[in-house]
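As a plain string of letters, each chain reads:
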Amino acid sequence: MQEKKIIQDYTKEELADFIKPAFRVKQIYTWIYHKYVESFEEMKNLPKEMREQLDAEYTLTPLKTVMVQNSKDGSRKYLFELHDGHTVEAVLLLMREKEYHEDGSLKHHERYTVCISSQVGCKVGCAFCLTAKGGFMRDLTPGEIVEQVRLIKRDNDIDANRRVNLVYMGMGEPLDNLPAVAKAVKIFADPDGMAISPNRQTISTSGLSSKIEKLGKMDLGINLAISLHAVDDALRQQLMPINKAYNIKSIIDAVKNFPVNARKRVMFEYLVIKDVNDDIESAKKLIALLEGIKAKVNLIYFNPYGGTEFKRPEEKDMVAFQEYLTKRGLLCTIRESKGLDISAACGQLREQELENNSKGE
Ligand code: SAH
Ligand code: SF4
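Notes on the structure follow. None of the values given here were measured: they were computed from a predicted structure.

### So, the side chain of T202
Logical step 1: With respect to the helices and strands, the residue T202 is situated in strand β10 (residues 201-205).
Logical step 2: Apart from residues lying up to four places away in sequence, T202 is in contact with L166, V167, Y168, M169, I222, N223, L224 and A225.

Next comes the structure, spelled out in structure tokens:
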């Protein structure tokens, strides 16, 4: 059987090459990304023949939701199945931020962040990461990336006009699938689509320096996050074998060349593991390393899972690490353990599902 093309794989400009007249493409985008339809049949303002033709050629349901887990803090984790049976995860994170009415009174407003996957599995093979354990299966297409957000918005009745932030921090290494990720960034940003501007999208990378340079040259206006996790090459190499190919200095150099939005900073993620990298000496080296970079540091609690040798750090050590940095002028936050009770570090839901399946057999 001939595979149908995934309509979410295409930018509006690309679709306009096949679908005439061009205003039809805008209508189709509205149906898909504002009204969250699941079939071409529902696109009532298109001529019937056009709907039939589109249906013969394209699918608009490349992902199927197979599991949803709710966390006490309101976060929701999704497991999606792709057409070839592989599965990927995405998480809706709810954060509350203060907002004010025009008369000055305070109103609270939910802020949505969606954490999305870019690959099935990952080639990078970090020692602490559950996604790495399953190896690498394949890249996601742009449409498979975009669809994760569309399904989550649909499932949570999130209006097309509501602000959503995106972080490419799910499964996979986004810069190892750069062409598809770069295209997804553009499709997300389309004003007739989800209109998620690149400055509300953050790509997190394990530090493929040459690809950071390449991404910088594309000048997409996107935010950058570096998964640093260690301040010297020997330790980083143990935790992240990719450090052999791209050492810390090469990453710092690449970051220095990266076009950062004037009002933004590069985020350095530091996964804190008990007795591995939670010492003040590391904090001290981190300050030296980030000298001269408009940086912010995000400390992440290591989230343990069955079979790992690593341990969650103690709160007092996290706080001491953070205080050391902030007292010396380095912006530093501790990542709230959002959705910890649903094992929100990506890769963990999928692993659970695979385990359940194998038990059932
Ligand atoms: N491959 C990219 C993006 C996906 S990983 C990258 O590495 O940056 C996203 C984040 O999840 C990384 O910062 C990684 O360190 C973190 N992570 C992986 N395993 C984790 C665990 N067990 N507990 C907490 N965070 C974890
Ligand atoms: Fe891949 Fe990121 Fe996991 Fe490392 S932490 S194995 S780069 S997904």
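Here the narrative resumes.
### Thoughts on empty space enclosed by the protein
Logical step 1: One pass over the structure, following the stated rule, counts 1 cavity of 30 Å³ or more.
Logical step 2: In this model, the largest cavity occupies a volume close to 40 Å³.
Logical step 3: Lining the largest cavity, in full, are I222, N223, L224, F258, P259, V260, N261, K264, R265 and V266.

### Some words on the nonpolar core
Logical step 1: By size, the foremost hydrophobic cluster in this structure holds 84 residues, and its most contacted members are Y168, F188 and F268.
Logical step 2: Ranked by the residues each element gives to this core, the list is headed by helix α6 (residues 178-189), at 7 residues.
Logical step 3: Three or more residues apiece are contributed to this core by two domains, here domain 1 (5-59) and domain 2 (63-358).
Logical step 4: Discounting chain neighbours no more than four positions away, the residues touching F188 are I116, I145, V146, V149, L166, Y168, M194, A195, I196 and Q201.
Logical step 5: Membership of the second largest hydrophobic core comes to 17 residues, among which are F128, I273, I300 and Y305.

### Here's the deal with the packing of helix α10 (residues 280-289) against helix α11 (residues 315-327)
Logical step 1: Where α10 contacts α11, the two axes come as close as 9 Å, and the packing angle between them is 30 degrees. Taken as axis vectors, α10 and α11 run roughly parallel relative to one another. As for the relative orientation of α10 and α11, their crossing is right-handed in sense. Counting all contacts with α10, which are made through I280, S282, A283, K284, L286 and I287, the residues of α11 involved are A320, F321, Y324 and L325.
Logical step 2: When its residues are assigned to classes, the contact of α10 with α11 shows 8 nonpolar, 1 polar and 1 charged.

### Thoughts on the packing of aromatic side chains
The way to describe two aromatic rings as a pair is by their centre distance and the angle between their planes.
Logical step 1: Counted according to the given criterion, the structure contains 7 aromatic pairs.
Logical step 2: Ring geometry for Y10 against Y58: centres 6.2 Å apart, planes inclined by 80 degrees, an arrangement best described as edge-to-face. Within this pair, whereas Y10 is found in the loop between β1 (5-6) and α1 (12-18), its partner Y58 is found in strand β2 (residues 58-59), the two being separated by 48 residues in sequence. Y58 carries the same exposure label as Y10, and that label is buried.
Logical step 3: A centroid spacing of 4.9 Å and a plane angle of 65 degrees characterise the contact between Y29 and Y33, whose relative ring orientation is edge-to-face. Placement of the pair is Y29 and Y33 together in helix α2 (residues 23-33), with a separation of 4 residues, close to one helical turn. For the pair Y29 and Y33, one class covers both residues: buried.
Logical step 4: Here a set of aromatic residues connected by ring pairs shows up, and it is made of Y10, F18 and Y58.
Logical step 5: Above the plane of the ring of W31 lies K35, whose end atom (NZ or CZ) is 4.3 Å from the centre.

### Section: the pairing of strand β11 (residues 223-227)
Logical step 1: Counting buried positions along β11 yields 5 of 5 residues, so the element is predominantly enclosed.
Logical step 2: Neither face of β11 is left uncovered, since the one carrying N223, A225 and S227 and the one carrying L224 and I226 both have all their residues buried.
Logical step 3: Handedness of the crossover is the feature at issue here: the chain leaves β10, passes through helix α7 (residues 209-218), returns alongside β11, and the resulting connection is right-handed.
Logical step 4: Where β11 lies against strand β12 (residues 266-272), 3 bridges are found, and the strand directions are parallel. By the bridge assignment for β12, A225 is matched with M267.

### So, unusual backbone geometry
Logical step 1: The omega angle of the peptide bond from K20 to P21 is -15 degrees, so this bond is cis rather than trans.
Logical step 2: Looking at the secondary structure, you find P21 in the loop between α1 and α2.
Logical step 3: Residues other than glycine seldom take positive phi values, yet H229 does so here, at roughly 70 degrees.
Logical step 4: Position of H229 among the secondary structure elements: in the loop between β11 and α8 (233-239).

### Observations concerning the site of ligand 1
Logical step 1: With respect to spatial proximity, 21 residues lie near ligand 1, and among them G172, S204, S227, H229 and N303 are the closest.
Logical step 2: Taking 540 Å² as the accessible area of ligand 1 by itself, protein coverage stands at 92%.
Logical step 3: Taken together, the residues of the shell around ligand 1 sort by class into 10 nonpolar, 9 polar and 2 charged.

Analysis parameters
- Residues numbered from 1 in each chain as written.
- Chains lettered and ligands numbered in written order.
- Predicted model: local features only at pLDDT ≥ 70, side-chain atom pairs only at ≥ 80, totals over all residues.
- Heavy atoms only, no water.
- Helix = DSSP H or I, 4+ residues; strand = E, 2+ residues; numbered from the N terminus.
- Contact = heavy atoms within 4.5 Å.
- 1 Å grid on protein atoms, 1.4 Å probe; cavity = no way out; pocket = protein on both sides within 12 Å on 5 of 7 lines; lining within 4 Å.
- Points joined across faces, edges and corners; volume = space filled by probe spheres on them.
- Core = buried A, V, L, I, M, F, W, Y, C linked by side-chain atoms within 4.5 Å.
- Buried < 20%, exposed > 50% of the residue type's maximum accessible area, 1.4 Å probe, protein only.
- Domains from an automatic or database assignment.
- Axes fitted to C-alpha atoms, helices over the stretch in contact; angles between N-to-C directions.
- Parallel < 35°, antiparallel > 145°, perpendicular 65-115°, else oblique.
- Left-handed = near helix turned anticlockwise from the far one by under 90°.
- Nonpolar A, V, L, I, M, F, W, Y, C, P; charged D, E, K, R; others polar.
- Phe/Tyr/Trp six-rings, centres within 6.5 Å; stacked < 30°, edge-to-face > 60°.
- Lys NZ or Arg CZ within 6 Å of the ring centre and 35° of its normal.
- Right-handed = clockwise from strand over helix to strand, strands pointing away.
- Pairing = 2+ DSSP bridges.
- Near = heavy atom within 4 Å.
- Areas by Shrake-Rupley, 256 points an atom, 1.4 Å probe, with all protein chains shown as cover.

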